[in-house]
Amino acid sequence: MAFSIKQNDTGPSLLATLKDANDVPVNITGADVRFHMKSLEGVVKIDSDMTVINSAEGLVRYDWLVGDTDTFGTYYVEFEVTYIDGSVETFPNTGSLVVSVVKELN
């Protein structure tokens, strides 16, 4: 998945379906999900809660806040799920997703 958003925009929201290694959506009922976004240099830009849209299908959403996209560039993204039993799983489980914050004209 690659996602692009213009610098200083707060929409559209980022939607993701969390899937296992077999590309099957993971049931995250009762779990907490966090959104992690780091620059290519490893600087943390966002570490925030996500909204679960459909827990049985692993569908989550991150609604951008003012300041989240103020710095243009390429970022790595992961979704960290903490299940009700305390276990933690990160998606994707291999590599990272990419978010591109595109420089605005002015």
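Conventions adopted
Residues numbered from 1 in each chain as written. Predicted model: local features only at pLDDT ≥ 70, side-chain atom pairs only at ≥ 80, totals over all residues. Heavy atoms only, no water. Helix = DSSP H or I, 4+ residues; strand = E, 2+ residues; numbered from the N terminus. Rg over C-alpha atoms; globule rule 2.2 N^0.38 Å. Buried < 20%, exposed > 50% of the residue type's maximum accessible area, 1.4 Å probe, protein only. Contact = heavy atoms within 4.5 Å. Areas by Shrake-Rupley, 256 points an atom, 1.4 Å probe, with all protein chains shown as cover. Lys, Arg positive; Asp, Glu negative; His and termini not counted. Charge placed at Lys NZ, Arg CZ, Asp CG, Glu CD.

1. Quick word on the overall build of the protein chain
If you tally the helices and strands in the protein chain, you get zero helices and nine strands. Secondary structure elements of the protein chain, listed N to C terminal, follow the sequence β-β-β-β-β-β-β-β-β. Taken against the 2.2 N^0.38 rule, which gives 13 Å for 106 residues, the C-alpha radius of gyration of the protein chain at 14 Å falls within 12% of a compact globule. By residue count, 30% of the 106 residues in the protein chain fall in the buried class. Long-range contacts, defined here as pairs at least 24 residues apart, represent 62% of the contacts in the protein chain between residues at least 6 apart. Surface accessibility of the protein chain: about 6100 Å² in total, with carbon and sulfur atoms responsible for 50%. The centroid of the 7 positive side-chain charges in the protein chain is displaced by 8 Å from the centroid of its 16 negative side-chain charges.

Nothing here speaks to function; it is all geometry.
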